[in-house]
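Observations on chain architecture
Spelled out, the chains give:
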Amino acid sequence: MTASIATNQTILVVGGGISGMTAALEAAECGKQVILVEKTPVLGGRTARLYRYFPKMCHPTCGLEINLRRIKQNRNIRLMTMTEVTAVSGSRGNYSVTLKVAPRFVNENCTACGKCAEAVTAEVSNPWNYGLDKMKAAYLPHNMAYPQRYVIDPSIVGTPEGEKAKAACPVGAVDLDMKEETVTLSVGAVIYATGWRPYDAAKIQPYGYGRFANVITSLEFERLADPQGPTGGKILRPGDGKEAKNIAFIQCAGSRDENHLRHCSRICCMASLKQTQYVREAFGDQGKSTIYYIDIRAIDRFEDFYQMVQKDATVSFVKSKVAKIVENAENGNPVLHGVDTEGYHRYATEHDLVVLAVGMEPEITGVKLPDDVILDSSNFIEGSKDGGMFGAGAASSPLDVNRSVQSATAASLHAIQVIRKTASTEAV
Amino acid sequence: MTTANTNAIERYRNNFLKEVEANVEEGHMVKMCMQCGVCAGSCPLGPHWTHSPQKIFMMIRAGKRDEVLGSDSMFMCTSCYNCMVRCPRQLPITHIMHGLANYAHRLGLAPKGQPTRDFATLFWNNAIKKGRVNELMLTLRHYFRGGLVSGIKEALGMQSVGLGLFMAKRLNPMEIFGGHGVKDLKGFHAIVAKAKEIEDRKKGFTA
Ligand SMILES: Cc1cc2nc3c(=O)[nH]c(=O)nc-3n(C[C@H](O)[C@H](O)[C@H](O)COP(=O)(O)OP(=O)(O)OC[C@H]3O[C@@H](n4cnc5c(N)ncnc54)[C@H](O)[C@@H]3O)c2cc1C
Ligand code: SF4
Ligand code: SF4
Ligand code: SF4
Ligand code: SF4
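**A look at the nonpolar core**
All names here are of chain A. Of all hydrophobic cores here, the largest spans 55 residues; its most connected members are Phe221, Ile247, Leu273, Ile325, Leu336 and Leu356. Secondary-structure elements contributing two or more residues to this core are β13 (215–217), α6 (218–225), β14 (246–253), α7 (268–283), β15 (288–293), α8 (303–310), β16 (315–319) and β20 (353–358). When residues in this core are grouped by element, the largest group, seven residues, is from α7. Here this core gathers at least three residues from each of two domains, domain 1 (10–102 + 180–195 + 363–427) and domain 3 (200–360). Setting aside residues up to four positions removed in sequence, Leu273 forms contacts with Ile291, Ile296, Ala298, Phe305, Tyr306, Val309 and Phe317. In terms of nonpolar packing, the next biggest core, distinct from the first, is built from 54 residues, Cys116, Ala173, Ala193 and Ile419 among them.

See below:
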């Protein structure tokens, strides 16, 4: 199995988002052996869950498809899904890594016919849509999923529901006896492309996320706008399923705040500017977006995009960090309270829906990493003391897709250098 | 006091921010404000006063010395600390507000007849006299600050509260004769004088 072919000439890439896929591909296409490890059942990471992506407003699945094709064609990449790194020891050029592989309960024979999903009735919360809806406990994470293989949720294993799935499978792919496995590999270099997660919005107490149904996060909004999302692409607010035409975006929700994340998450201004265009797409001139901000940070060449949105009559800007939100008990509308900086006017403004532009926090926050790994004050990976482990993409800094890809390519190059050095010393 | 004011104007010229940094408690943190507005929007008194902390901090940077030091807003702060716990830049807003109030008061620029300021002065004078607060005298002075008629009205309004305090032995009518002081009153006065001397030196009130 995979374990036997890994040597200290192998590069381990942890995380299969856009950064991990890029890092793996760059190295593999240079002829290096790569093991790509992904925690979830699919590749793609957070980008695959965006409806459109800035600056070109294309669908992320398009870029994803190209990368997936490259991965499928490349024999130097060994992909391990549902796998997490639990320990790393050793040093540059010679690491021993321990991986924990969770059971998928479906083997390689799966043709993704979907019969198992039809057979079961049990439902579980759908992580793809950030828990906004439910899905069958036998599922394909999303249409573009790679690998195209179903997953049986562990909650139905050992129950009659699990047996139903097994009985329904025409090719005998459902294997309910699969167990968690631990694998140890030796590798020469490690790239952490573990990405980011949204800051827990419930911690921003005055905004009432979790208390007020019509206060959601920017990630949830991406899913609302997406035809593959829980509402089939209609912008319906969670509180009562009504169309949300008058939407407030609150910037720096949890970022640039000593009480939450200290750093500027750098992409959320652009994300909100982009999302105002979802509102326009859905409602035309009837839609209304209001961005509450401290200052708009549309980094470098994205200034054009900002100017384009500024010209849009359906979008207005209020220079103010909202102080608090209360709910209008009669209609469920969130009411935003604050004082604007341009004139110091006190406002109490009602909207149909509030979208919190939540900050990006490294996914590995709280995860035990090897001692050698150097983190900055916000837990982004800077590198390692021994020079054999690297951060890539959003794991290294709050980056958009374009910059993540650049960063991943750089990390890949560093890893290749480590491998080559190891090879040349061994040859002597 | 006016000399202190003239000296300060002379010394800092148009740089009111520098003046605040040098003389106001936590004044060096004013420049950290990013004008986000959270404090202004979080202050429970916000709608009732002219200058929110956000506005005051901007006015300081804009050199609006007379407006800031003549503002009654700092005296309205109830020290609820709502602004301070929410400020994304962790400015010690409450402390700065009180620091500014104190500075304006000492320069003789604070607004006359501002009730909180008057009460604070009353409290201070009362407390340093004997080293402990004579609550009866403090209350009486406070009620009668606006003259006899309004004083009686106010005192009558608070009658039941006063009676309650009296029953709970929290208010002693004998204190009308001056009340008792701390043990070493002389020592206490010396401490206060020394503290004042140090503070004057630090805040530039000694010539
Ligand atoms: C609301 C919003 C909108 C956005 N819109 C845009 C946009 O329009 N355009 C744009 O350019 N950018 C956008 N971004 C930014 C974009 O999402 C990121 O740039 C991108 O996700 C970074 O990719 P990544 O691969 O570094 O991280 P991720 O996408 O987070 O991928 C990390 C992968 O690693 C896996 N992983 C994590 N930990 C482990 C572990 N311990 N072991 C194994 N695997 C692990 C995860 O499961 C995941 O698959 C947006 C961000 C937000 C918040
Ligand atoms: S596990 Fe079997 S039934 Fe389910 S999708 Fe795969 S092949 Fe079809
Ligand atoms: S990118 Fe914008 S919204 Fe995000 S943290 Fe920075 S300033 Fe705030
Ligand atoms: S909350 Fe802090 S940073 Fe924001 S305006 Fe007030 S003092 Fe300035
Ligand atoms: S501490 Fe003072 S300034 Fe701050 S919110 Fe409370 S009353 Fe307002």
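Still more ground to cover, so stick around.
**Description of the site of ligand 2**
For ligand 2, the set of nearby residues contains 13 residues, the closest of which are Cys110, Cys113, Gly114, Cys116 and Cys169 of chain A. When the residues that make up the shell around ligand 2 are grouped by side-chain class, the tally is 10 nonpolar, two polar and one charged.

**Things to note about the sheet that holds strand β4 (residues 83–91) of chain A**
All names here are of chain A. Pairing within the open sheet is antiparallel, and its three strands lie in the order β4-β5-β10. The open sheet has two edge strands, β4 and β10 (181–187), and neither has a second partner. Shown here is a sheet whose adjacent strand axes are inclined to one another by a mean of 20 degrees, direction ignored. The pairing of β4 with strand β5 (residues 94–101) spans eight bridges and is antiparallel. Directly across from Glu84, in β5, lies its bridge partner Lys100.

**With respect to the environment of Tyr192 of chain A**
All names here are of chain A. Within the element layout of this structure, Tyr192 appears in strand β11 (residues 189–192). Each C-alpha atom, one on Tyr192 and one on Leu12, is 8.4 Å from the other, the two residues being 180 residues apart in sequence. If we ignore the near neighbours within four places in the chain, the residues touching Tyr192 are Val14, Val88, Leu369, Pro370, Val373, Ile381, Met389, Phe390, Gly391, Ala392 and Ala395.

**Overview of the pattern of salt bridges**
All names here are of chain A. Per the stated rule, a full pass over the model turns up 24 salt bridges over all chains. One salt bridge connects Lys39 with Glu363, and the closest N-O pair in it is separated by 3.3 Å. In this pair, Lys39 is assigned in the loop between β2 (33–37) and α3 (60–73) and Glu363 in the loop between β21 (360–362) and β22 (373–375), connecting sequence segments 324 residues apart. A relative accessible area of 39% places Lys39 in the partly exposed class. Among the ionic pairs, Asp226 bridges to Arg223, the shortest N-O distance being 2.9 Å. Residue Asp226 is classed as buried on the basis of its relative accessible area of 11%. Salt bridges here are not isolated pairs; linked through shared partners, they connect Lys39, Arg46, Arg197, Glu361 and Glu363.

**Things to note about the domain arrangement of chain B**
Residues and elements named next belong to chain B. Examined at the domain level, chain B breaks down into domain 1 (3–112) and domain 2 (115–197). Tallying the contact residues gives six residues for domain 1 and four residues for domain 2. Contact with domain 2 buries area across many residues of domain 1, yet Phe75, His105 and Arg106 alone supply 71% of it, more than any other trio. Put simply, domain 1 and domain 2 have zero salt bridges between them. Our count for the domain 1 to domain 2 interface comes out at four residue pairs in polar contact (both at pLDDT 80 or more). Along the lines of polarity and charge, the residues of the side of domain 1 that touches domain 2 split into three nonpolar, one polar and two charged.

**Quick word on helix α5 (residues 160–168) of chain A**
Residues lying three or four places apart along an α-helix face the same way, a consequence of the helix completing one turn every 3.6 residues. Residue and element names in this part refer to chain A. Buried residues of α5: Glu161, Gly162 and Ala165, and no others. When α5 is viewed along its axis, its buried side chains cluster within an angular range of 105 degrees and face the same direction. Away from its buried face, by an angle of more than 90 degrees, α5 presents the exposed residues Pro160 and Ala167. Where α5 is buried, its residues meet α4 (115–119) and β9 (151–152).

**Some thoughts on the confidence of the model for chain B**
Of all residues in chain B, 98% have pLDDT values of 70 or greater, and the mean over the chain is 87. This complex was scored by the predictor with a pTM of 0.91 and an ipTM of 0.86.

**Observations regarding the interface of chain A and chain B**
Listed per partner, the contact involves 16 residues of chain A and 19 residues of chain B. With both sides pooled, the region where chain A packs onto chain B buries about 1,500 Å², and carbon together with sulfur makes up 51% of that total. Between chain A and chain B we count zero salt bridges in total. The tally of links between chain A and chain B comes to 10 residue pairs in polar contact (both at pLDDT 80 or more). Of the residues belonging to the side of chain A that touches chain B, the class tally is six nonpolar, five polar and five charged.

**What about the side chain of Ser289 of chain A?**
Relative to the helices and strands, Ser289 of chain A resides in strand β15. Other than its neighbours up to four places away in sequence, Ser289 of chain A contacts Ile247, Phe249, Thr276, Val279, Thr314, Val315 and Ser316 of chain A.

**As for the domain arrangement of chain A**
Residues and elements named next belong to chain A. Taken as a whole, chain A is organised into domain 1 (10–102 + 180–195 + 363–427), domain 2 (115–168) and domain 3 (200–360). Centre-to-centre separation of domain 1 and domain 3, based on C-alpha positions: 32 Å. Listed per partner, the contact involves 18 residues of domain 1 and 23 residues of domain 3. Each partner contributes to the roughly 1,800 Å² buried at the junction of domain 1 and domain 3, and carbon and sulfur atoms together form 60% of this total. Ranking the residues of domain 1 by area buried against domain 3 places Tyr51, Phe54 and Pro398 at the top, with a combined share of 36%.

Cut-offs and rules
- Residues numbered from 1 in each chain as written.
- Chains lettered and ligands numbered in written order.
- Predicted model: local features only at pLDDT ≥ 70, side-chain atom pairs only at ≥ 80, totals over all residues.
- Heavy atoms only, no water.
- Core = buried A, V, L, I, M, F, W, Y, C linked by side-chain atoms within 4.5 Å.
- Buried < 20%, exposed > 50% of the residue type's maximum accessible area, 1.4 Å probe, protein only.
- Helix = DSSP H or I, 4+ residues; strand = E, 2+ residues; numbered from the N terminus.
- Domains from an automatic or database assignment.
- Contact = heavy atoms within 4.5 Å.
- Near = heavy atom within 4 Å.
- Nonpolar A, V, L, I, M, F, W, Y, C, P; charged D, E, K, R; others polar.
- Pairing = 2+ DSSP bridges.
- Axes fitted to C-alpha atoms, helices over the stretch in contact; angles between N-to-C directions.
- Salt bridge = Lys/Arg side-chain N within 4 Å of Asp/Glu carboxyl O.
- Buried area = accessible area lost by both parts, 1.4 Å probe.
- Polar contact = N/O pair within 3.5 Å; in protein donor to acceptor, adjacent residues only side chain to side chain.
- Arc of directions from axis to C-beta.
- pLDDT = per-residue confidence, 0-100.

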